[in-house]
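Coordinates in review
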Amino acid sequence: QVHLAESGGGEVQPGASLTLSCETSGITFSRYFVSWYRQVPGKERELVARLSSFGDMTDYGDGVEGRFRISRDNSQNKMYLHMTDLKPEDTAMYYCNAAISPWSSLYEYWGQGTQVTVSS
């Protein structure tokens, strides 16, 4: 079975840093694009960051480039989202994703999410 599981979320003050992790199993991890998405109630899910199978291609969503950085460790089948200078608008449920292609939903898998809350 395919499993993805996020961890590392929490409640922090504006300007703080957090690193999210995602463990995967059941897939040939090194052959997949990996992504982080986020969603708040009543809003559309949005892309935060995406990284190609061997780290040669990176995409970032609006408002996060320069503050967030995505990385992966193919030897451990894990991906990370390094977040700095967190803002209240970053508050959301964060999901990790693995897909053969970033332009197709075929062979696409999701984690259950981890909550990030940024407030004073």
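Look up a bit, the structure's there.
Read on for a plain summary of the structure. (Residues numbered from 1 in each chain as written. Predicted model: local features only at pLDDT ≥ 70, side-chain atom pairs only at ≥ 80, totals over all residues. Heavy atoms only, no water.)

**Overview of the nonpolar core**
Buried together is how nonpolar side chains tend to be arranged in soluble globular proteins. Core analysis: the biggest nonpolar cluster contains 26 residues, and Trp36, Val48, Phe68, Leu81, Met83 and Tyr94 have the highest contact counts within it. For this core, the leading source of residues is strand E9 (residues 92-99), giving 4 residues. The contact partners of Phe68, leaving out residues within four places of it in the chain, are Arg38, Val48, Tyr60, Leu81, His82, Met83, Thr84, Leu86, Asp90 and Tyr94. (Core = buried A, V, L, I, M, F, W, Y, C linked by side-chain atoms within 4.5 Å. Buried < 20%, exposed > 50% of the residue type's maximum accessible area, 1.4 Å probe, protein only. Helix = DSSP H or I, 4+ residues; strand = E, 2+ residues; numbered from the N terminus. Contact = heavy atoms within 4.5 Å.)

**Thoughts on the state of the cysteines**
In total, this model carries 1 disulfide according to the counting rule given. Disulfide partner of Cys22: Cys96, at an S-S distance of 2.1 Å. Of note, the bridge from Cys22 to Cys96 carries an S-S torsion of about 50° and is right-handed in sense. Placement of the pair is Cys22 in strand E3 (residues 18-25) and Cys96 in strand E9, with a sequence separation of 74 residues. Judged on exposure class, the residue Cys22 and its partner Cys96 are both buried. (Disulfide = S-S within 2.5 Å.)

**Let's talk about the pattern of salt bridges**
Per the stated rule, a full pass over the model turns up 4 salt bridges. The residue Glu46 makes a salt bridge to Arg38 at a minimum N-O spacing of 2.7 Å. Given the relative accessible area of 36%, Glu46 is considered partly exposed. On the basis of relative accessible area, Arg38 is assigned to the buried category, the value being 6%. Here Arg67 makes a salt bridge to Asp90, at a shortest N to O gap of 2.8 Å. Highlighted residues: Arg67 in the loop between strand E6 (58-60) and strand E7 (68-73) and Asp90 in the loop between strand E8 (78-83) and E9, separated in sequence by 23 residues. Given a relative accessible area of 0%, Asp90 falls into the buried group. The network of salt bridges with shared partners includes Arg38, Glu46, Arg67 and Asp90. (Salt bridge = Lys/Arg side-chain N within 4 Å of Asp/Glu carboxyl O.)

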